[in-house]
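Structural overview for review
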Amino acid sequence: MTLPIVYNWVIIILRTCFTMIALSYLPVWLTLDYVSDLMYMIDMIITLHTGYLDQGILVKDLIQLRKRYLRSKHFLWDLASILPFDFLYFAFGIQTPLVRINRLLRIPRLNEALDRMETRTSYPNTFRIAKLMIYIFVLIHWNTCLYFALSSSLGFGSDPWVYPNITNTEFGSMRRQYFYCFWFSAQILTTVGDIPQPEREEEFLFMIADLLIAVLVFASIVGNVGNVITSLRDRDNVFFPNHELVKAYLRSHHISKELRERINNWYQHLYINKKIMRENEILQQLPLHMRTEIAVSVHLRTLSKVTIFQNCDRSLLEELVLKLTPQVFSPGEYVCRKGDVGHEMYIIKEGKLAVVADDGVTEFAVLSDGNFFGEISILNIKGNKSGNRRTANIRSNGYSDLFSLSKEDLTDVLSEFPAAKRHLEEKGRQILTKMGMLEESGEKEEGEGEKVETKIQRLESNLEVLQTKLARLMMELESSNRKMQARVAQLELEVSELETQLSEDDGERDRTLGRGQGVGREAEWEREEAEGEEEEEEEGSYMKGEKQGHGDDSNDITKEGDGESTKSTKEDAEKVVEGDKCRPKNPDNQGDKSEDDGEKIQGDDRPGKGDGAEIEPENGKEAKSGKRESEEGKRRKRIRERKLKGRRNERKTKKK
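Residues numbered from 1 in each chain as written. Predicted model: local features only at pLDDT ≥ 70, side-chain atom pairs only at ≥ 80, totals over all residues. Heavy atoms only, no water.

Moving on: unusual backbone geometry. With a phi close to 55 degrees, His254 is a non-glycine residue in the positive phi region. In this fold, His254 is placed in the loop between helix H11 (243-252) and helix H12 (257-272). (Helix = DSSP H or I, 4+ residues; strand = E, 2+ residues; numbered from the N terminus.)

Structure representation (structure tokens):
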């Protein structure tokens, strides 16, 4: 869609303003017009069959695709851009291509195409510059056409600002007309060069609009070019170490000239040969599986050449290739020296390295592409006579590209592949046995170490099981504790509701009991008066008989009678109180209470009670009845206190 859209944006305005060009090549323009219309329709058909992603799944169902496209805004724009306004040629004439102005509505499709091309190209910065130049060209082209049309309306050659008179053969050709107008517009929009001074109002307005557009054009050019330069610089900083900072550091610390020259040569070698030293940082933004695939495609063949890694699982090799670090060594530089502690192994990607003697002159062997060394030192095999020490001097003859694999990275990877770890250690022992560098005691110690390691692993697994069980028990205990707390809270709420209800019931019983006691006391007072009169008569006759029959012994008998009477009266009062406590508080029992009170009064009819006694007056009976009422109130209060105390004890017991 790039070509038909750009064609319409360039040719429609050109044919509208330059009528000579439009009429001279009319068959060509009409053919290209309808070819572009055909491509517009083909694009709509293709878009109708283009799938889309729904929740990450590509939808290919034609019915859903058609429904989605026909209901979208893109369909409305596409339909408006293909409407056949060409029939207006019959009204305005074939020389008016402006009727096809609706073809310019496909510009969003052009932007989509350019964005897709920018993401797919291998040179995005170059593409951005080219896209910017196309935009500027189209803008200057439109300004060229408008300038020529304005000159035609004002009159060619009417003043120095407009296009010269076309009757002049020098300015009458079509190419001269277009190129002159394009040059004039480029001078205005780029603010470069001298242009004639405008004289008319139309000319001033046109210049004002062009100068405002020129400011935006200049700003866009500067901004885009600046972004391109910045991205190129950032790319160099990511791909290669920052040489300027290193040189500043070397100058500030007065490093020797020889060492500085070696460092500069090393940087120059990296930059000229495009040696990338920061692969992990460059690919850091990609997902892990993509980084793995890239590393496998780049380094897996090299890693497979190492003897100890042959016949290993592919998953192990995929983990290891992510750990490989590229290194570049300069001519004459030692990769490792004899006796050094080995922390990594090396795989030669490119270059030649020599195994030299301690004097640095004698060469025992030359290592080239695909060779490796230092693999035994990173396996940490027990019984190795040399330990983890280097056994040879390795020197680079020229610039050598190597991959290094550190001991820590290999240990981390092998911790997830125990079978591969045993396989690699067995291969390492075989190599050491052939070299005569393996001690037998080391094998025994290694077997014992394996047994101890197995025991430790078993203990760790048992500890994990126990920890899991303990965590489960703690969770169950916490759950039961929450349930008990909820139950206790519910019981406390029920007890508080029962206490409130019982206090209300006690108040109602007290009021009912007070009304029943008022009626019973009146009947009791009447019985007491009648019984009191009979007792006085009997006591009087009894006292007379005692005085006549016994004489002087009457005082002793009276005293004894008084004591017994007093004692029996107290005992009867206590029995009455206990009987009232056991009796339920019921208005129906008020009559029984009155009878008991009456029996109590009758039970006091014993010898000695009437000695010297007289009939009580009416005021004394009222005082006696008031005293009895106060005793009843105290008795009820004590009963309520005992009940409340019992309820409190029950609540404490339930809480415990």
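So that's the structure; there's more coming.
This part takes up the UniProt feature "transmembrane region" (unreviewed entry) in the protein. The feature "transmembrane region" (unreviewed entry), as annotated in UniProt, sits at residues 6-26, 79-99, 132-157 and 204-223 in this numbering. Within the segment residues 6-26, helix and strand shares are 90% and 0% respectively, and the terminal C-alpha atoms sit 19 Å apart. Within residues 79-99, the helical portion is 33% and the strand portion 0%, while the C-alpha atoms at the span's ends are 16 Å from each other. (UniProt positions renumbered as here; feature names shortened; annotations may be inferred.)

Looking now at H12. Over its 16 residues, H12 extends 22 Å from the first C-alpha to the last, a length consistent with the 22 Å expected when each residue adds 1.5 Å. For H12, the complete set of buried residues consists of Trp266, Tyr267, His269 and Leu270. Looking straight down H12, one finds that the buried residues subtend no more than 160 degrees of arc, so they occupy a single side. For H12, the exposed residues set more than 90 degrees away from the buried face come down to Lys257, Glu258 and Ile272. In this structure, the buried residues of H12 make contact with H11, strand S3 (325-329) and strand S10 (400-406). Positioned one or two residues after H12, Lys274 has a phi angle of 55 degrees, which is positive. (Expected span 1.5 Å × (residues − 1). Buried < 20%, exposed > 50% of the residue type's maximum accessible area, 1.4 Å probe, protein only. Arc of directions from axis to C-beta. Contact = heavy atoms within 4.5 Å.)

In this section: the nonpolar core. Leu303, Phe309, Leu316, Leu320, Met345 and Leu410 are the most contacted members of the largest nonpolar core, which totals 30 residues. Elements represented by at least two residues in this core include exactly helix H14 (288-304), helix H15 (314-321), strand S5 (344-350), S10, helix H16 (407-414) and helix H17 (418-435). Counting 26 residues, the second-largest nonpolar core is a separate cluster that includes Phe18, Phe148, Leu154 and Tyr163. (Core = buried A, V, L, I, M, F, W, Y, C linked by side-chain atoms within 4.5 Å.)

What follows concerns the confidence of the model for the protein. Interpretation of this model should avoid reading the predicted coordinates in detail wherever pLDDT is low. When pLDDT is averaged along the protein, the result is 77; 77% of the residues meet or exceed 70. Note that pLDDT drops below 50 for residues 542-619; the model gives that stretch 61 contacts with residues more than four away or on any other chain. (pLDDT = per-residue confidence, 0-100.)

On to the packing of aromatic side chains. Two aromatic rings are characterised by how far apart their centres lie and by the angle between their planes. All chains considered together, the criterion is met by 23 aromatic pairs. A centroid spacing of 5.2 Å and a plane angle of 40 degrees characterise the contact between Phe148 and Phe156, whose relative ring orientation is tilted. A single burial state applies to Phe148 and to Phe156, both of which are buried. Chaining the aromatic ring pairs together yields one cluster made of Phe18, Phe137, Phe148, Phe156, Tyr163, Phe171, Tyr178, Phe179, Tyr180, Phe182 and Trp183. Between the NZ or CZ atom of Arg100 and the centre of the ring of Tyr34, over which it lies, the distance is 5.8 Å. (Phe/Tyr/Trp six-rings, centres within 6.5 Å; stacked < 30°, edge-to-face > 60°. Lys NZ or Arg CZ within 6 Å of the ring centre and 35° of its normal.)

A separate point is the sheet that holds strand S8 (residues 372-373). If you trace the four strands from one edge of the open sheet to the other, you get S3-S10-S5-S8, paired in antiparallel fashion. Strand pairing shows two members of the sheet lacking a second neighbour, S3 and S8, which therefore form its edges. Pairing of S3 with S10 involves five bridges; the strand directions are antiparallel. Of the residues in S10, the one forming a bridge with Thr325 is Ser404. Lying over the sheet, H16 contacts S5 and S10, oriented at roughly 50 degrees with respect to S10. (Pairing = 2+ DSSP bridges. Axes fitted to C-alpha atoms, helices over the stretch in contact; angles between N-to-C directions.)

The next point concerns the packing of H11 against H12. Where H11 contacts H12, the axes come no closer than 11 Å and their chain directions differ by 180 degrees. Classified by the angle between their axes, H11 and H12 sit roughly antiparallel to one another. Every residue of H12 that contacts H11 at His243, Val246, Lys247, Leu250 and Arg251 is listed here: Arg260, Ile263, Asn264 and Tyr267. Residues of the contact of H11 with H12, tallied by class, amount to four nonpolar, two polar and three charged. (Parallel < 35°, antiparallel > 145°, perpendicular 65-115°, else oblique. Nonpolar A, V, L, I, M, F, W, Y, C, P; charged D, E, K, R; others polar.)

A word on the sheet that holds strand S4 (residues 334-336). The antiparallel open sheet is built from four strands, whose spatial order is S4-S9-S6-S7. Looking at strand neighbours, the two that pair on one side only are S4 and strand S7 (363-367), the edges of this open sheet. On average, each strand axis in the sheet is tilted by 30 degrees relative to the strand beside it, whichever way the strands run. Relative to strand S9 (residues 393-396), strand S6 (residues 353-356) runs antiparallel, the two being bridged by four bridges. Along S9, the bridge assignment pairs Val356 with Asn393.

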